[in-house]
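Architecture and fold: a report
The residues making up each chain are set out below.
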Amino acid sequence: MRVSSAPFPGPDSAPPDRARSTPARRTVLGAAAAVAAAAAVVPSGSPAVAARRPATTEPHRWRTAAIGGTGFVTGILFHPSVKGLAYARTDIGGAYRWDDRTARWTALTDHLGWDDWNLLGVEAMAVDPSHPDRLYLALGTYAQSWASPGAVLRSEDRGRTWKRADLTVRLGANEDGRGAGERLLVDPRDSSTLWLGTRHDGLLRSTDRGATWAPVTGFPVTPDPAGQGVTLLVAAGRTVYAGWGDGTTSLLRTTPSGGWEAVPGQPPAAGATAFPVRAAYDAGSRALWVTYANGPGPNNQSAGAVHRLDTVTGAWSDVTPLVPADGDAFGYGGVAVDARRPGTAVVSTNNRWGPVDTLFRTTDDGATWTSLKDTAVLDVSETPYLRWGGEAKFGWWIQAVALDPFDSRNLLFGTGATIYGTRDLTHWAPRIRGLEESSVRQLLAPPDRGGAALLSGLGDIGVMFHESLTASPSRGMATGPVFGTATGLALAARRPSYVVRTGWPSGSQSAGAFSEDGGRSWRPFAAQPEIAPSAPGPIAVNADGTVLVWSFVHWDGTPYPAQRSTDGGASWAEVPTCPAGAEPVADPVDPARFYAYDTRTGTVHRSTDAGATFTEVSGGLPSGDVQFAMVAAPGRRGDLWLSAKTGGLHRSTDGGDTFAPVAGCQESHALGFGKAAPGRGGSGYPAVFQTGRVSATHDGVAVLRSDDAGATWVRINDDAHQWGWTGETITGDPRVHGRVYLGTNGRGIQYADPE
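These remarks concern the structure in this document.

Here we look at the overall build of the chain
Broken down by element type, the chain carries 2 helices and 56 strands. Against the globule reference of 27 Å for 755 residues, the chain gives a C-alpha radius of gyration of 26 Å, in line with a compact fold. Across the 755 residues of the chain, 62% fall into the buried class. Restricting the contact set of the chain to residue pairs at least 6 apart, pairs at least 24 apart contribute 53%. Roughly 25,600 Å² of accessible area belongs to the chain as shown, and the carbon and sulfur atoms make up 49% of that amount. Across the chain, the 67 positively charged side chains and the 73 negatively charged ones have centroids separated by 4 Å.

So this is what it looks like as structure tokens:
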């Protein structure tokens, strides 16, 4: 199951309806995570590969490949009493702390492991103004019944170490309304008391600094199981205000007696002011600023407003900078106030796909406003992909705005792809180093040293050619054509300069492309099957680059027959004998051989005529999960590995005729190969990498390597480097033994070398 998150603006700014209809980033474990994989049945009489007890771990140095953001930054928070200290949250990629000395973000939640994948989304965060080292995170990516309950992390050292309190309710950091907030707050009257707003379970309170939580009785609204619930919590002096997204009252506050009441005189909870998105308190003028929209966002907003409450007199003022209208429909999102200059505030528009979103700034309590986009000078040279194959945009999905309390001109805002920052209100550049949020779909390490260090296929931003792992790719997104989410990436094993890619079109109808220079430059296929733009699936190229086999899968999972080209994509013909929707796999040695694993039936099919026809050669294999995958070992004819999640790991050395389970491997979720270990000669078996579980090595899913064809395994990650769900893609490096590249779902590309 997949859901859209950050839409891609493309070279011509895709309209909202299109951005929502094409799958973007965020692989959700969804139904696959909610149900166990079907029991595996292997062919009778297949011999099992014996496993010996290995050394269990090998220390590695883990780093994150530089791209720069790429995902939705849903919150940014400056600490009010510590200069240079800030935090950021993301919808699926965890939380970060800003280091002003190094000008980098540091990831704070990489320790969350496989079973805690649902906690990588950060619903809300809070700091304690009186205790600078305290940090709180409310975690939970999905509030659906198949997801695990949320949790609250609390730290006394700015996120270096954590204590955890598990909740009984679910949070929704990657659902509609994820840019609202913050939903977590330290009570201004008592640092031991915290408030947490939930979507479907009302308001929670902790009186022991987040260690335990209980529902607040007397909160005067009724939760809606399908609603948004508490949208924001903010302190105004000693009063706590709460936004509510599901009823006729949209703003409540605490009373002197300890109860809650609707704020008198507030705008009606309808139309442009139906949903309170964000709020900020200007202590200098004692005013509360509230942004509104007619929906939670970040999509589907077409009206909005900004209102200001004088908390002394109780008077409300409509200070909306620009009223949305036909032809220029949008909502309002982020809001920040200037702690040094009373009456100064910044608000953002959101979901403004025509003129593009902007920030409005006022210095006179909202009497007049200036659009900062109109005078903005953008410099995206550090992260060139932000040009999207054309010209960089000021932003979209802007619901996070933060103004430095120590510097009135140090302003940050989050978008669907990055954080922009300025120190003079005119010149803007991504302030994103260290924050990597890609949802990684494919990884390919070319064998030649003169090519890319790595090729990657990503959610939302297509394919990248990484000259270096420490700088964002200079070419940005692959163009000619531009894709949104990549669905396929392959090279010809005996002609590695020839690379093909497929993906969801952006700015054109082209869903496939080829490169003859290792991925540096691209051209679209001269022709493509009619189904391609609406169902672009994975693609394979045979060993010598003369034949392509392209599979097609609609975003809803509907499979379509594969098609074959023998002229580089100039023409295509249906292959009715290839299982519809199955991912084609090319033999790395024999150009006449392709394979396909039908995960619906648990059968393997083989072609010996370069993909013209396929024949079933084995059955009884694990079935029922489209994420089961087959991988061909490099440099070997007919050596196939089948990764079947809890169905284990299976291997065939006879081109798929028979498969044997790899003994001792209880789970295999992603599999890849790298250079053979040194000292084993030219016939040494390639290093095998996987995300899986081998109980003799580690009691849990881990990143593993075998240098003896699966007989023994070592764990190569550690408890500090887990990144939630890592079951999509992994590969070794054919040029460097031990180097591994790992795709995450929201923490970008992780790579490591043995220490």
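Some points on the sheet that holds strand β2 (residues 73-78)
Pairing within the open sheet is antiparallel, and its 4 strands lie in the order β2-β3-β4-β5. Two strands in the sheet have a free side with no partner beyond their single neighbour: β2 and β5 (104-107). Between one strand axis and the next, the sheet turns by 25° as a mean value, whatever way the strands run. One ladder, built from 4 bridges, connects strand β4 (residues 95-99) with β5; its direction is antiparallel. Among the inter-strand pairings, Asp 99 is bridged to a residue of β5, identified as Arg 104.

Considering the nonpolar core
One finds Leu 359, Tyr 385 and Leu 411 to be the most contacted residues of the largest nonpolar core, which totals 39 residues. If you list the elements that add at least two residues to this core, you get β27 (400-403), β28 (411-414), β31 (440-444), β32 (454-458) and β56 (749-754). Among the nonpolar cores identified, the runner-up in size contains 17 residues, and Tyr 87, Val 122, Met 125 and Leu 139 belong to it.

Things to note about the sheet that holds strand β16 (residues 251-254)
Strand order in this open sheet of 4 strands is β14-β15-β16-β17, and the pairing throughout is antiparallel. Only two strands of the sheet have a single neighbouring strand rather than two, namely β14 (230-236) and β17 (260-262). Going from strand to strand, the sheet's axes swing by 25° on average, the running direction of each strand aside. In this structure, β14 lies alongside strand β15 (residues 239-244), joined through 6 bridges in antiparallel fashion. When the bridges of β15 are listed, Ala 236 appears paired with Thr 239.

Some words on the environment of Asp 639
By the secondary structure assignment, Asp 639 is in the loop between β46 (629-632) and β47 (640-643). Given a relative accessible area of 5%, Asp 639 falls into the buried group. For the pair Asp 639 and Thr 653, spaced 14 residues apart in the sequence, the C-alpha separation amounts to 4.5 Å. Polar contacts involving the side chain of Asp 639 include one to the side chain of Arg 651, which spans 3.0 Å.

Quick look at the pairing of strand β22 (residues 331-337)
Counting buried positions along β22 gives 7 out of 7 residues, so the element sits mostly inside the fold. One ladder, built from 5 bridges, connects β22 with strand β23 (residues 345-350); its direction is antiparallel. Paired with Ala 336 across the bridge in β23 is Val 346.

As for unusual backbone geometry
Here the bond from Gly 181 into Glu 182 is cis, since omega is 0°, no more than 30 degrees from zero. By the element assignment, Glu 182 lies in the loop between β9 (163-166) and β10 (184-186). Put simply, Gly 297 and Pro 298 share a cis peptide bond, and its omega is 5°. Relative to the elements of secondary structure, Pro 298 occurs in the loop between β19 (287-293) and β20 (304-310).

Notes on the packing of aromatic side chains
One pass over the structure, following the stated rule, counts 27 aromatic pairs. Where Phe 394 meets Trp 428, the ring centres are 5.5 Å apart and the plane angle is 80°; that geometry is what we call edge-to-face. One end of the pair, Phe 394, is in the loop between β26 (377-378) and β27; the other, Trp 428, is in strand β30 (residues 427-430), and 34 residues separate them in sequence. Each of the two residues, Phe 394 as well as Trp 428, counts as buried. Note on Trp 641 and Phe 673: the rings are 6.0 Å apart at their centroids and 70° apart in plane angle, and the pair reads as edge-to-face. Remark: Phe 673 occurs in strand β50 (residues 665-674) and Trp 641 occurs in strand β47; sequence separation between them is 32 residues. For Trp 641, a relative accessible area of 0% corresponds to the buried category. Members of the aromatic cluster, connected to one another through ring pairs, are Tyr 498, Phe 514, Phe 525, Trp 550, Phe 552 and Trp 572. Sitting above the plane of the Trp 522 ring, Arg 501 keeps its charged end 4.6 Å from the centroid.

The rules behind the values
- Residues numbered from 1 in each chain as written.
- Predicted model: local features only at pLDDT ≥ 70, side-chain atom pairs only at ≥ 80, totals over all residues.
- Heavy atoms only, no water.
- Helix = DSSP H or I, 4+ residues; strand = E, 2+ residues; numbered from the N terminus.
- Rg over C-alpha atoms; globule rule 2.2 N^0.38 Å.
- Buried < 20%, exposed > 50% of the residue type's maximum accessible area, 1.4 Å probe, protein only.
- Contact = heavy atoms within 4.5 Å.
- Areas by Shrake-Rupley, 256 points an atom, 1.4 Å probe, with all protein chains shown as cover.
- Lys, Arg positive; Asp, Glu negative; His and termini not counted.
- Charge placed at Lys NZ, Arg CZ, Asp CG, Glu CD.
- Pairing = 2+ DSSP bridges.
- Axes fitted to C-alpha atoms, helices over the stretch in contact; angles between N-to-C directions.
- Core = buried A, V, L, I, M, F, W, Y, C linked by side-chain atoms within 4.5 Å.
- Polar contact = N/O pair within 3.5 Å; in protein donor to acceptor, adjacent residues only side chain to side chain.
- Phe/Tyr/Trp six-rings, centres within 6.5 Å; stacked < 30°, edge-to-face > 60°.
- Lys NZ or Arg CZ within 6 Å of the ring centre and 35° of its normal.

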